[in-house]
Amino acid sequence: MSDLSSGLRLKLKENFSFGSLRLINKRLSADGTEKFLFALTDKGSVEAVSIPTENRATGCISTQVGCKFACSFCASGLHGFKRNLSAAEILEQALFLKDGSRVRKLTHLVFMGTGEPLDNYDNLLKSIRIINSKEAFNIGARRITISTCGITPGIKRLSGEGLQIELSVSLHASDDRTRSRIMPINKRYPLESLLTACREYIKKTDRQITFEYVLIQGLNSDLQSSRELSKILKGLNCKVNLIPANFVAELGIEPPGKLEILMFRDCLLKAGIGVTLRKPRGQDIEASCGQLRLKHENRI
Ligand code: SF4
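Keep in mind it's a predicted model, so treat the numbers as computed, not measured.

F111, I146, L158, I165, F211 and L233 are the most contacted members of the largest nonpolar core, which has 76 residues in total. Per element, the largest residue contribution to this core is seven residues, and it comes from helix α7 (residues 191-205). In contact with I165, other than residues within four places in its own chain, are I128, A141, I144, I146, L158, Y201 and R207.

The subject of this paragraph is the packing of helix α8 (residues 223-233) against helix α9 (residues 258-270). Look at α8 against α9: their axes get within 9 Å of each other, and the N-to-C directions meet at 25°. As the angle between them shows, α8 and α9 are arranged roughly parallel. For the crossing formed where α8 meets α9, the hand is right-handed. Between α8 and α9, the contacting residues are L223, S225, S226, R227, L229 and S230 on the first element and M263, F264, C267 and L268 on the second.

This part is about the site of the ligand. Close to the ligand lie C67, F69, A70, C71, C74, S76, G115 and C149. Looking at side-chain class alone, the shell around the ligand contains six nonpolar, two polar and no charged residues.

Among the five residues that make up strand β8 (residues 144-148), five are buried, leaving the element largely enclosed by the rest of the structure. Pairing of strand β7 (residues 108-111) with β8, which is carried by three bridges, proceeds in the parallel orientation. Bridged to L109 within β8 is I144. In this fold, β7 hands off to helix α3 (residues 121-132), which returns the chain to β8; that crossover is right-handed. Looking at chain direction, β8 and strand β9 (residues 166-170) are connected through four bridges and run parallel. Paired with T148 across the bridge in β9 is V169.

Before going further, it helps to spend a moment on α8. In an α-helix there are 3.6 residues to a turn, and that puts residues three or four apart on one side. All of the buried residues in α8 are S225, S226, L229, S230 and L233. Buried residues of α8, seen end-on, are gathered within an arc of 140° and therefore sit on one face of the element. Looking at the buried side of α8, the elements it contacts are α7, β10 (209-215), β11 (238-244) and α9. In the segment just after α8, G235 is the residue with positive phi, at about 85°.

Moving on, we get to the sheet that holds β9. Strand order in the open sheet formed by 10 strands is β1-β2-β3-β4-β7-β8-β9-β10-β11-β12, with mixed pairing between adjacent strands. Pairing within the sheet leaves two strands with one partner each, and these edge strands are β1 (22-28) and β12 (274-277). The sheet shows a mean angle of 20° between the axes of neighbouring strands, direction not considered. When strand β4 (residues 57-60) meets β7, the two strands line up parallel, connected through three bridges. Of the residues in β7, the one forming a bridge with G59 is L109.

Attention shifts here to the pattern of salt bridges. Using the criterion set out here, one finds 11 salt bridges in the structure. Note that K68 and D119 form a salt bridge whose closest N and O atoms lie 2.8 Å from each other. With K68 in the loop between β5 (64-66) and β6 (81-84) and D119 in the loop between β7 and α3, the pair connects residues that are 51 residues apart, well separated along the chain. Residue classification places K68 among the partly exposed residues on the basis of a relative accessible area of 44%. With its nearest N and O atoms 3.4 Å apart, the salt bridge here joins E212 to R278. Taken together, the positions of E212 in strand β10 and R278 in the loop between β12 and α10 (291-299) put the pair 66 residues apart, joining distant regions of the chain. What makes E212 buried here is its relative accessible area of 5%. One continuous salt-bridge network, built from bridges that share partners, spans D42, R83 and E89.

Attention now goes to the environment of L28. Looking at the secondary structure, you find L28 in strand β1. Between the C-alpha atoms of L28 and R102, which are 74 residues apart in sequence, the distance is 9.7 Å.

Attention now goes to helix α2 (residues 87-100). Over its 14 residues, α2 extends 19 Å from the first C-alpha to the last, a length consistent with the 20 Å expected when each residue adds 1.5 Å. Turning to α2, its buried residues are A87, E89, I90, L91, E92, Q93, A94 and L97. Close packing links the buried residues of α2 with β2 (34-39), β3 (45-52), β4, β6, β7 and α3.

Here is what the cut-offs are and how they apply
- Residues numbered from 1 in each chain as written.
- Predicted model: local features only at pLDDT ≥ 70, side-chain atom pairs only at ≥ 80, totals over all residues.
- Heavy atoms only, no water.
- Core = buried A, V, L, I, M, F, W, Y, C linked by side-chain atoms within 4.5 Å.
- Buried < 20%, exposed > 50% of the residue type's maximum accessible area, 1.4 Å probe, protein only.
- Helix = DSSP H or I, 4+ residues; strand = E, 2+ residues; numbered from the N terminus.
- Contact = heavy atoms within 4.5 Å.
- Axes fitted to C-alpha atoms, helices over the stretch in contact; angles between N-to-C directions.
- Parallel < 35°, antiparallel > 145°, perpendicular 65-115°, else oblique.
- Left-handed = near helix turned anticlockwise from the far one by under 90°.
- Near = heavy atom within 4 Å.
- Nonpolar A, V, L, I, M, F, W, Y, C, P; charged D, E, K, R; others polar.
- Pairing = 2+ DSSP bridges.
- Right-handed = clockwise from strand over helix to strand, strands pointing away.
- Arc of directions from axis to C-beta.
- Salt bridge = Lys/Arg side-chain N within 4 Å of Asp/Glu carboxyl O.
- Expected span 1.5 Å × (residues − 1).

Structural data, given as structure tokens:
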């Protein structure tokens, strides 16, 4: 605003800011992953991550302050749920990653940060429509991913939105007993109801679903679990994204060995199920969901 005097501009810069997020911590991994922790106006905090690879730059953003779903492998739920983020607060993270991170151009966005996106449905959809619009971020719907822990009414509702977005469902176990142990939401929406909602979603949208599966040593990574998983996913238009767990000292979580991971993957491939194996990213900066925020909150 060069029609204002430089003194006034300086004063404005020092005393005011647009938006409500304030960057309070930043970590850069050796692999280029950057993690940002933002303070909100009400003293809460949220994280966002930028993940550059050879031909894309993915932003991972949060939808809630804390999380009420308490998955046992995730640091985000450890201090409970505080509140939903507004659509503006969600968009501000994307804006920051677009302009304030090292990536040149944000090509993909995933709603995989803190919180359950489908539990903040209206603000999520509002922000997605803006991110998708040509006048704003112009990121194609197929480059936007919603990740859910399995809120079946939300999956059903989403299937009627006419959006070509990617849906990713956190499965992490092939039987109700194990899943309920690590994901309490499974008691409310057990596997059968979740997979029925997924089947309906695929039918209605003609889109493939990605099932996320975190491999945790001694819990869900043996060959029997892989066989069970191929059984329950048989006939579904889906792929499985295997994610060796990040070490989370506070939660006593560690990934299985390389051989076990490969055997798990090969068993699914043999059953005709598409599999990707996610490379660990940002392990040196505690990039998994909620870790940086947890450290910050433990300090204050
Ligand atoms: S994995 Fe997702 S739903 Fe589960 S506690 Fe973490 S943020 Fe919440």
